[in-house]
Amino acid sequence: MKILVTGGAGYIGSHTCVALLEAGYEVVVADNLCNSRAETIERIEEISGKKVSFYQIDVTKEQLVEEVFAQHDFSGVIHFAGLKAVGESVEKPLEYYYNNTVSTMVLAKMCQKYGVDRFVFSSSATVYGENKVPFVETMPLLPATNPYGATKAISERILTDVAKANPNWSVALLRYFNPVGAHESGLIGEVPTGIPNNLMPYITQVAKGKLPKLRVYGNDYPTVDGTGVRDYIHVMDLAEGHVVALEKLTSGVHIYNLGTGQGTSVLQLVQAFTEATGIEIPYEIVDRRPGDIAVCYADVSKAERELGWKARRSIVDMCRDAWNFEKNFTS
Ligand code: NAD
Ligand code: UD1
């Protein structure tokens, strides 16, 4: 069975390619490398010992996408390709709306045209906004506070409507919580451009001496120690969740939270990192980051019940593997 993985050279996509190849799928990647590198494809092949077909194309370009569909007989599509920086989406809303929603529509159209009826979409916990935790799939979504979040809610809606009009279609809308860590080989991982916005890559760069200290955004939240709480999930658990979703998918639209169901505060993550690596992370408390919510974690019972999937790796595993990648990463 052959799967088209858009954004397969990126962080989550590359780990999912490894999981798919290990599960016996053939993998075709379409990625324009706007936030990744071709070398990652070689690393995926090195880890799995299998070949990947790679097309360096922009998946908003219908004609280029069609050429790929015409050359392969796909059993399904996993659509990771997208722009994901929240702050940048506020500065460049049109770029975000265009890239993230047009890509979804082009792929949905090609799936219809070529009779590909399994579609897995990368959504985000951001669609819940400031709902009450734990976030459950049945909650009404709150309006997005930034263009990035809006592109995820809009893409979910587009795919839901397409599935309604095509009863054979099977769609999984996977709402990721906070993916961190790396493949245990240390060959692939997260490579943020510039100074990282997200907590784990910031911590690993402080550990490496690239950045002087962590700035903890607020210690006056109503949480265990006042710092923000998130549901961190190991990227390989997340990757395996995609393989299971693809296998278990039945017709209709199915929404699943992919998280661990456990909340971890910023200071708890810093402590776990030291436990995993022996490295102390210097930090200072600064003001809250605008737009941040206090607490975010998943109700994961639906994915457990319907997919038989559960995240297995611990916070210490996540820290160890994130560090293992960062310490070996050059450039
Ligand atoms: P990433 O930036 O590492 O990967 C995205 C990949 O898509 C990159 O390789 C990029 O080059 C490619 N891409 C972007 N636009 C493209 C286009 N028009 N045509 C072809 N390729 C294109 O990001 P990631 O962290 O792996 O995220 C993957 C998906 O998961 C994204 O849709 C993201 O919004 C979503 N998501 C990520 C997180 C997270 O914390 N990383 C959380 C929730 C949801
Ligand atoms: C970010 C995105 C969100 C996306 C999510 C998953 C923003 C504003 N939001 O949210 O859309 O779905 O990632 O990847 O970018 N923190 C620090 N110091 C830092 C960095 C972060 O204290 O240098 C804190 C934050 O305040 C937060 C926690 O660490 O409490 C996690 O932050 P981050 O990794 O950016 O993830 P999210 O805030 O969940």
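These remarks concern the structure in this document. (Residues numbered from 1 in each chain as written. Chains lettered and ligands numbered in written order. Predicted model: local features only at pLDDT ≥ 70, side-chain atom pairs only at ≥ 80, totals over all residues. Heavy atoms only, no water.)

### Regarding the site of ligand 1
Inference 1: In the neighbourhood of ligand 1, 27 residues make up the surrounding shell, with Ile12, Asp31, Asn35, Ser36 and Tyr148 lying closest.
Inference 2: Here an oxygen atom of ligand 1 and a side-chain polar atom of Asp31 are 2.6 Å apart.
Inference 3: Within the side chain of Tyr148, a nitrogen or oxygen atom sits 2.8 Å from an oxygen atom of ligand 1.
Inference 4: Here ligand 1, which alone exposes 820 Å², has 95% of that area covered by the protein.
Inference 5: Contributions of two or more residues to the shell around ligand 1 are made by helix 1 (11-22), strand 5 (118-124) and helix 6 (147-165).
Inference 6: With three residues, the single largest contributor to the shell around ligand 1 is strand 5.
Inference 7: Residue classes in the shell around ligand 1 are distributed as twelve nonpolar, eleven polar and four charged. (Near = heavy atom within 4 Å. Polar contact = N/O pair within 3.5 Å; in protein donor to acceptor, adjacent residues only side chain to side chain. Areas by Shrake-Rupley, 256 points an atom, 1.4 Å probe, with all protein chains shown as cover. Helix = DSSP H or I, 4+ residues; strand = E, 2+ residues; numbered from the N terminus. Nonpolar A, V, L, I, M, F, W, Y, C, P; charged D, E, K, R; others polar.)

### Focus on the site of ligand 2
Inference 1: Taken together, 20 residues sit near ligand 2, with Leu199, Arg215, Arg230, Arg289 and Asp292 positioned nearest.
Inference 2: Contacts to ligand 2 include Ser124, whose side-chain N or O atom sits 3.1 Å from an oxygen atom.
Inference 3: Isolated, ligand 2 exposes 740 Å² of accessible area, and the fraction of that covered by the protein chains is 86%.
Inference 4: Mapped by element, the contributors of at least two residues to the shell around ligand 2 are helix 7 (199-208) and strand 8 (214-217).
Inference 5: Residue contributions to the shell around ligand 2 peak at four residues, all from strand 8.

### Digging into the environment of Tyr114
Inference 1: Within the fold, Tyr114 resides in helix 5 (residues 93-114).
Inference 2: A residue is classified by how much of its surface remains accessible, and Tyr114, at 32% relative accessible area, is partly exposed.
Inference 3: Residues Tyr114 and Glu66, spaced 48 residues apart in sequence, show a C-alpha to C-alpha distance of 9.1 Å.
Inference 4: Dropping the residues within four chain positions of it, Tyr114 is found in contact with Glu66, Phe69 and Ala70. (Buried < 20%, exposed > 50% of the residue type's maximum accessible area, 1.4 Å probe, protein only. Contact = heavy atoms within 4.5 Å.)

### Looking at unusual backbone geometry
Inference 1: A cis geometry characterises the amide bond from Val133 onward to Pro134, with omega recorded as -5 degrees.
Inference 2: Despite not being glycine, Leu33 shows a phi value in the positive range, around 60 degrees.
Inference 3: For Leu33, a relative accessible area of 18% gives the class buried.

### Structural notes on the nonpolar core
Inference 1: One finds Val5, Leu20, Val27, Leu174 and Trp309 to be the most contacted residues of the largest nonpolar core, which totals 41 residues.
Inference 2: Residue assignment for this core shows that the elements contributing at least two residues are strand 1 (2-6), helix 1, strand 2 (26-30), helix 2 (39-48), strand 6 (170-176), helix 8 (235-248), strand 11 (252-258) and helix 10 (301-307).
Inference 3: The element best represented in this core is helix 8, accounting for eight residues.
Inference 4: For Leu174, the contacting residues outside a window of four places in its chain are Val120, Phe121, Ser122, Ser123, Ser124, His242, Ala245, Tyr256 and Leu258.
Inference 5: Counting 29 residues, the second-largest nonpolar core is a separate cluster that includes Val102, Leu107, Ala108 and Ile255. (Core = buried A, V, L, I, M, F, W, Y, C linked by side-chain atoms within 4.5 Å.)

### Examining empty space enclosed by the protein
Taking a probe equal in size to a water molecule and rolling it over the atoms shows the remaining empty space.
Inference 1: One pass over the structure, following the stated rule, counts one cavity of 30 Å³ or more.
Inference 2: Approximately 90 Å³ is the volume found for the largest cavity.
Inference 3: Lining the largest cavity are Tyr11, Gly181, Ala182, Glu190, Pro192, Met200, Pro201, Thr204, Ala322, Phe325 and Glu326.
Inference 4: Put simply, the parts of the chain that give the lining of the largest cavity at least two residues each are helix 7 and helix 11 (315-328).
Inference 5: Among the residues forming the lining of the largest cavity, the class breakdown is seven nonpolar, two polar and two charged. (1 Å grid on protein atoms, 1.4 Å probe; cavity = no way out; pocket = protein on both sides within 12 Å on 5 of 7 lines; lining within 4 Å. Points joined across faces, edges and corners; volume = space filled by probe spheres on them.)

### Quick look at the sheet that holds strand 6
Inference 1: Overall, parallel pairing links the seven strands, which are arranged 3-2-1-4-5-6-11 in an open sheet. At either margin of the open sheet sits one strand with a lone partner, and together these are strand 3 (53-55) and strand 11. For this sheet, the mean angle separating the axes of adjacent strands, direction not counted, is 20 degrees.
Inference 2: Examined bridge by bridge, strand 1 and strand 2 share five bridges and lie parallel to one another. Residue pairing across strands places Thr6 opposite Ala30, the latter belonging to strand 2. (Pairing = 2+ DSSP bridges. Axes fitted to C-alpha atoms, helices over the stretch in contact; angles between N-to-C directions.)

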